[in-house]
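# Coordinate analysis (summary)
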Amino acid sequence: MLYYLFTWLDKEYDIPGAGLFQFISFRTAMAVILSLILTTVYGSRLIKLLRAKQVGESVRNLGLEGQMQKQGTPTMGGLIILLGILLPTILFAKIDNIYIILMLGTTVWMGLIGFVDDYIKVFKKDKEGLAGRFKIMGQVGLALIIGWTMYFHPDIVVREQVTLPAKVSSPLGVQKRGNQFYYTQDLKSTITNVPFYKDNEFDYAKVLTVFGDGYEKYSLVVFLLFVIVIVTAVSNGANLTDGIDGLATGTSAIIGITLAILAYVSGNTIFADYLNIMYIPHSAELVIFAGAFVGACVGFLWYNSYPAQVFMGDTGSLAIGGIIAAFAIMIRKELLIPVLCGVFLIENLSVILQVSYFKYTKRKFGEGKRIFLMSPLHHHYQKKGYHEAKIVTRFWIVGIMLAIITIVTLKLR
């Protein structure tokens with residue numbers, strides 16, 4: 001909103017400094033600062049309100065050191081994160097940008113699902129919360145909206161190089177690389193970036209080439225299936241990671257910074273051309289959203305770091321996971337998620353392996369056996385006697401290394 005106001009002021013009255021709002025870097029910095037202020041200053045007020053309403057965490061005794069001391073700690077703190085994301089984005093981003101609209105919708109959608117889950121747990125005294133099938137339905141519904149919009153919305157395109165003579169379906173542009181000029185076209189496409197691959201692009205529609213000619217007409221189905229898997233996997237992974245103080249929040253901040261970098265180079269013609277990755281028109285606005293996201297996560301750490309004064313609950317963790325998945329899909333970097341979100345992936349896999357192995361050994365030997373002392377993986381290390389602050393710090397270090405590897409893939413092929 002402020003972008004439009006200051007653009008008008010700069011045009012009509014030439015007010016000094018108003019032109020700064022034309023720069024994405026400036027608006028991103030403002031989004032980060034405002035997000036930090038909102039989450040740290042107003043976060044304390046919300047925590048007091050949650051305490052007054054007795055919105056406390058109900059803790060099951062799992063035999064973990066220091067676990068029962070967390071009984072009664074305010075939960076639903078994800079509301080702080082949502083505030084820190086939504087308000088700065090609305091103020092500093094172009095709110096008519098389709099990518100921003102989708103990200104705001106994702107934040108609200110997943111936040112509502114998590115809020116309902118927390119509400120049932122806290123106020124209805126049902127420890128199971130929202131039934132798993134309803135969570136999955138909500139995640140799948142969001143994935144369908146994102147996938148459908150990306151497939152059909154006219155403003156969501158990618159820029160591809162055109163070699164003449166060729167069939168031209170949209171206006172041609174002329175670009176320069178070194179001393180050479182070449183033609184480009186903005187096209188609707190289901191292509192995405194592939195890490196560690198020379199040509200760096202993969203078309204979802206090509207999955208169906210085995211079925212012969214005419215496969216392109218079914219590309220939407222394949223694309224939607226991929227989006228569904230990514231959204232559900234990442235949102236559940238973030239939810240599982242939120243088990244000890246600061247783990248999910250800090251890891252998400254690291255991922256958010258990386259996504260901001262990827263969005264910036266993908267939405268900047270110069271960097272996209274230099275790195276030889278696809279340029280995605282209009283996507284650079286996502287950097288502002290990423291700035292608000294990182295600011296919200298870091299600000300929330302003020303209260304969520306050990307010993308936590310508030311827990312984000314599913315209100316925060318489901319929203320964070322959905323945001324990361326949707327963001328990666330929109331900048332066509334979703335195939336980097338296994339690397340970038342490696343911590344979420346490991347946490348997810350630890351639960352799947354634990355449950356699967358237990359069921360297998362119980363069926364075969366009559367007694368279930370476990371791979372880990374406890375899952376998700378961070379609880380395994382707690383059982384081994386590691387302090388949760390040390391576990392969190394080491395997981396953050398792993399997250400930073402994975403983030404660096406993710407950025408390096410832009411040139412490592």
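The text that follows walks through the structure, step by step, so that each part is easy to find. Since the structure is predicted, the reported quantities are computational estimates derived from the model, not experimental observations.

### Describing the overall build of the protein chain
Secondary structure summary: the protein chain contains 14 helices and five strands in total. By residue count, 51% of the 413 residues in the protein chain fall in the buried class. Put simply, of all contacts in the protein chain between residues at least 6 apart along the chain, 71% involve residues at least 24 apart. Working note: accessible area of the protein chain is about 20,200 Å², and carbon and sulfur atoms make up 64% of it.

### Here's the deal with unusual backbone geometry
Cis rather than trans, the peptide bond between Tyr 306 and Pro 307 has omega equal to -10°. Mapping Pro 307 onto the fold places it in the loop between α9 (286–304) and α10 (313–330). Cis geometry is adopted by the peptide bond preceding Pro 376, which originates at Ser 375 and carries an omega value of 0°. Relative to the helices and strands, Pro 376 is located in the loop between α12 (342–365) and α13 (377–383). For Met 76, which is not glycine, the phi dihedral falls at a positive 65°. Residue position: Met 76 is located in the loop between α2 (24–52) and α3 (78–92).

### Focus: the packing of aromatic side chains
Per the stated rule, a full pass over the model turns up 15 aromatic pairs. Between the aromatic rings of Trp 148 and Phe 152, the centroid separation amounts to 4.7 Å while the plane-to-plane angle is 45°, which identifies the pairing as tilted. Remark: Phe 152 and Trp 148 occur in helix α5 (residues 132–152); sequence separation between them is four residues, near one turn of the helix. The class for Trp 148 is partly exposed, based on a relative accessible area of 48%. Assessed through its relative accessible area of 45%, Phe 152 is described here as partly exposed.

### Comments concerning the environment of Phe 21
Turning to its location among the elements, Phe 21 is positioned in the loop between α1 (2–13) and α2. Considered as a pair, Phe 21 and Tyr 3 are 18 residues apart in the sequence and their alpha carbons are 5.6 Å apart. Apart from residues no more than four positions distant in its own chain, Phe 21 is found in contact with Leu 2, Tyr 3, Phe 6, Phe 26, Arg 27 and Phe 92.

### Side note on the pattern of salt bridges
Applying the stated criterion to the full structure yields five salt bridges. Here Lys 121 makes a salt bridge to Asp 314, at a shortest N to O gap of 3.7 Å. Of this pair, Lys 121 sits in helix α4 (residues 98–123) while Asp 314 sits in helix α10, and the two are 193 residues apart along the sequence. For the salt bridge of Asp 314 with Lys 135, the shortest nitrogen-to-oxygen distance reads 3.1 Å. With Asp 314 in helix α10 and Lys 135 in helix α5, the pair connects residues that are 179 residues apart, well separated along the chain. With relative accessibility at 14%, the residue Lys 135 sits in the buried group. Here the residues in one salt-bridge network are Asp 117, Lys 121, Lys 135 and Asp 314, joined through shared partners.

### Notes on empty space enclosed by the protein
Any empty space left between the atoms is revealed when a probe the size of a water molecule rolls over them. In this structure the tally under the stated criterion is two cavities of 30 Å³ or more. Roughly 60 Å³ of volume is contained in the largest cavity. Taken together, Asn 193, Val 194, Pro 195, Asn 200, Lys 333, Leu 336, Thr 409 and Leu 410 form the lining of the largest cavity. Broken down by class, the residue content of the lining of the largest cavity amounts to four nonpolar, three polar and one charged. Within this model, the second largest cavity holds a volume of roughly 30 Å³. Around the second largest cavity, the lining residues are Met 150, Tyr 151, Ser 189, Thr 190, Phe 223 and Arg 332. Split by residue class, the lining of the second largest cavity holds three nonpolar, two polar and one charged.

### Describing the nonpolar core
In terms of nonpolar packing, the biggest core is built from 87 residues, with Leu 259, Ile 324, Phe 327 and Met 330 touching the most fellow members. If sequence neighbours within four positions are ignored, Leu 259 has contacts with Ile 324, Phe 327, Ala 328, Ile 331 and Leu 340. Judged by nonpolar contacts, the second largest core, of 10 residues, contains Val 343, Phe 372, Val 392 and Phe 395.

### Notes on α9
For α9, with 19 residues, the first-to-last C-alpha span of 26 Å sits near the 27 Å given by 1.5 Å per residue. When you tally the buried positions in α9, you get 17 out of 19 residues, the bulk of the element.

What counts and how
Residues numbered from 1 in each chain as written. Predicted model: local features only at pLDDT ≥ 70, side-chain atom pairs only at ≥ 80, totals over all residues. Heavy atoms only, no water. Helix = DSSP H or I, 4+ residues; strand = E, 2+ residues; numbered from the N terminus. Buried < 20%, exposed > 50% of the residue type's maximum accessible area, 1.4 Å probe, protein only. Contact = heavy atoms within 4.5 Å. Areas by Shrake-Rupley, 256 points an atom, 1.4 Å probe, with all protein chains shown as cover. Phe/Tyr/Trp six-rings, centres within 6.5 Å; stacked < 30°, edge-to-face > 60°. Salt bridge = Lys/Arg side-chain N within 4 Å of Asp/Glu carboxyl O. 1 Å grid on protein atoms, 1.4 Å probe; cavity = no way out; pocket = protein on both sides within 12 Å on 5 of 7 lines; lining within 4 Å. Points joined across faces, edges and corners; volume = space filled by probe spheres on them. Nonpolar A, V, L, I, M, F, W, Y, C, P; charged D, E, K, R; others polar. Core = buried A, V, L, I, M, F, W, Y, C linked by side-chain atoms within 4.5 Å. Expected span 1.5 Å × (residues − 1).

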